[in-house]
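Coordinates in review
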Amino acid sequence: MRTYRCEDVTLSDRGIDSKGWLCNPQEKGKKTAILVLGPKDASNNTVLLQYATRLANYGFVVLGMEETQNVKAAIDYLSLKDEVDPNKMYAMGICNGTNEVLASTEAEKRLKAIALVAGCYKRKEASRVKVPTIVIHGGENEKEYQSAQRVYDTICAEEKLAIWEGSVTHAQYFEDPLVLDKTVRNVFRWFKTH
């Protein structure tokens with residue numbers, strides 16, 4: 001088990017504050033960084049911390065933020081950290097955060113790959129997404145499952161992977177330790193190979 005330090009972070013953009021955590025493994029040297037965007041419901045911020053700490057345990061510097069409209073500001077923040085390798089930047093969206101991650105990939109060229117987990121997709125197509133993408137989604141809610149499939153089908157990245165977990169509910173991605181661990185393992189493997 002790695003040791004890491006977590007600290008509160010507030011990013012301000014156009015008068016709007018976004019709060020979150022920076023989790024930083026204590027090893028020396030440059031590390032891969034992941035921006036994790038989560039649900040906009042403030043009561044679910046523990047979800048961000050659970051994903052951020054699990055990813056930090058794999059050796060990533062992780063910035064877990066409430067849903068934010070300005071992914072660029074968050075990536076700028078990470079890229080200026082001494083411990084971050086600016087050539088190894090990734091993003092992960094959970095629930096509503098998937099929409100911000102999808103929207104950011106067109107303009108934000110520093111992202112090497114993205115992960116979309118249990119998305120509540122407002123954007124029904126993702127034809128401009130060209131970075132390697134993994135989509136992880138449960139199948140219990142048929143409408144959300146079909147929406148996730150439509151988004152996946154329209155992603156035009158040369159490399160993409162879908163993990164459809166038929167018996168996993170949306171809530172399990174937020175609170176079930178076994179589902180959280182499995183999801184983070186899959187995201188880790190995806191980012192490690194891209």
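Placed above this text is the structure.
It should be emphasised that the depicted structure is a prediction, and the values quoted were computed from it without experimental measurement. (Residues numbered from 1 in each chain as written. Predicted model: local features only at pLDDT ≥ 70, side-chain atom pairs only at ≥ 80, totals over all residues. Heavy atoms only, no water.)

What follows concerns empty space enclosed by the protein. In this structure the tally under the stated criterion is one cavity of 30 Å³ or more. Roughly 50 Å³ of volume is contained in the largest cavity. As for the largest cavity, its lining consists of Ala-118, His-137, Gly-138, Gly-139, Glu-140, Asn-141, Glu-144, Val-168, Thr-169, His-170 and Tyr-173. Here the lining of the largest cavity is composed, by residue class, of three nonpolar, six polar and two charged. (1 Å grid on protein atoms, 1.4 Å probe; cavity = no way out; pocket = protein on both sides within 12 Å on 5 of 7 lines; lining within 4 Å. Points joined across faces, edges and corners; volume = space filled by probe spheres on them. Nonpolar A, V, L, I, M, F, W, Y, C, P; charged D, E, K, R; others polar.)

One can expect most non-glycine residues to show negative phi and most peptide bonds to be in trans. Notably, Cys-95 is not glycine yet its phi reads approximately 55°, a positive angle. Residue placement: Cys-95 occurs in the loop between β5 (84-94) and α3 (97-104). Classification of Cys-95 as buried rests on a relative accessible area of 7%. Even without being a glycine, Ala-118 presents a positive backbone phi close to 50°. Mapped onto the secondary structure, Ala-118 falls in the loop between β6 (111-117) and β7 (133-138). Taking the relative accessible area as the measure of exposure, Ala-118 reaches 0% and is therefore buried. (Helix = DSSP H or I, 4+ residues; strand = E, 2+ residues; numbered from the N terminus. Buried < 20%, exposed > 50% of the residue type's maximum accessible area, 1.4 Å probe, protein only.)

Tallied over the full model, the rule gives five aromatic pairs. Ring pairing ties together the aromatic residues Tyr-58, Phe-60 and Phe-188, which thus form one cluster. Positioned over the ring face of Tyr-152 is Lys-160, at 4.5 Å from the centre of the ring. (Phe/Tyr/Trp six-rings, centres within 6.5 Å; stacked < 30°, edge-to-face > 60°. Lys NZ or Arg CZ within 6 Å of the ring centre and 35° of its normal.)

Take Glu-106: it is sitting in the loop between α3 and β6. Sequence separation between Glu-106 and Val-131 is 25 residues; the distance between their C-alpha atoms is 9.1 Å. Those residues in contact with Glu-106 that lie beyond four places of it in its chain are Arg-123 and Arg-128. (Contact = heavy atoms within 4.5 Å.)

Mapping Cys-120 onto the fold places it in the loop between β6 and β7. Taking C-alpha positions, Cys-120 is 28 Å from Ser-79, a pair spaced 41 residues apart along the chain. Dropping the residues within four chain positions of it, Cys-120 is found in contact with Cys-95, Asn-96, Thr-98, Asn-99, Glu-144 and His-170.

In this section: the state of the cysteines. What the rule picks out here adds up to one disulfide. There is a disulfide in this structure between Cys-6 and Cys-23, and the S-S distance comes to 2.4 Å. Handedness of the Cys-6-Cys-23 disulfide follows from its S-S torsion of about 105°: it is right-handed. Note that Cys-6 is positioned in strand β1 (residues 4-13) and Cys-23 in strand β2 (residues 16-25), a separation of 17 residues in sequence. For Cys-23, a relative accessible area of 0% gives the class buried. A disulfide-free cysteine, Cys-95 has its sulfur positioned 3.5 Å from the sulfur of Cys-120, the nearest such atom. (Disulfide = S-S within 2.5 Å.)

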